[in-house]
Amino acid sequence: MRTRLLGFTAALILAALGAMGPVAQASVPAGPAIPGPKCVQGGGTVEYDSGAGIWTCVDGSYDGEAIN
């Protein structure tokens, strides 16, 4: 019985943590997005930020800006 209770508690905790993941990603501020070609023309490269789940411009005139 104790093992079942422990397993059930662990499942509830993991379900709660899994539900909080998308909420945390949605709270990332988007900011003004620029088109990808504009990033490249400004001397940057378009890269995917898997931590934030967005495409960003790296280096150049638009460093750190989101790509639409």
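Worth saying up front: this structure is predicted, and the values here are computed from it rather than measured.

Student: Whenever I open this one, the state of the cysteines confuses me. Can you help?
Tutor: Two cysteines, two sulfur atoms, one covalent bond between them: this is a disulfide. According to the stated counting rule, one finds 1 disulfide in the structure shown. Sulfur-sulfur distance for the disulfide between C39 and C57 comes to 2.0 Å. The disulfide joining C39 to C57 has a torsion of about 85° about its S-S bond and is therefore right-handed. With a gap of 18 residues between them, C39 in helix α2 (residues 36–41) and C57 in strand β2 (residues 54–58) connect regions that are remote in the sequence.

Student: What is the right way to look at the pairing of strand β1 (residues 45–49) in this model?
Tutor: Across a regular strand the side chains alternate sides, sitting on one face of the sheet and then on the other. As paired elements, β1 and β2 share 5 bridges and run antiparallel to each other. Residue pairing in the sheet places V46 in a bridge with C57 of β2. In sequence, β1 turns back onto β2 through a hairpin of 4 residues, with G53 there showing a positive phi of about 75°.

Reading the values: rules and limits
- Residues numbered from 1 in each chain as written.
- Predicted model: local features only at pLDDT ≥ 70, side-chain atom pairs only at ≥ 80, totals over all residues.
- Heavy atoms only, no water.
- Disulfide = S-S within 2.5 Å.
- Helix = DSSP H or I, 4+ residues; strand = E, 2+ residues; numbered from the N terminus.
- Pairing = 2+ DSSP bridges.

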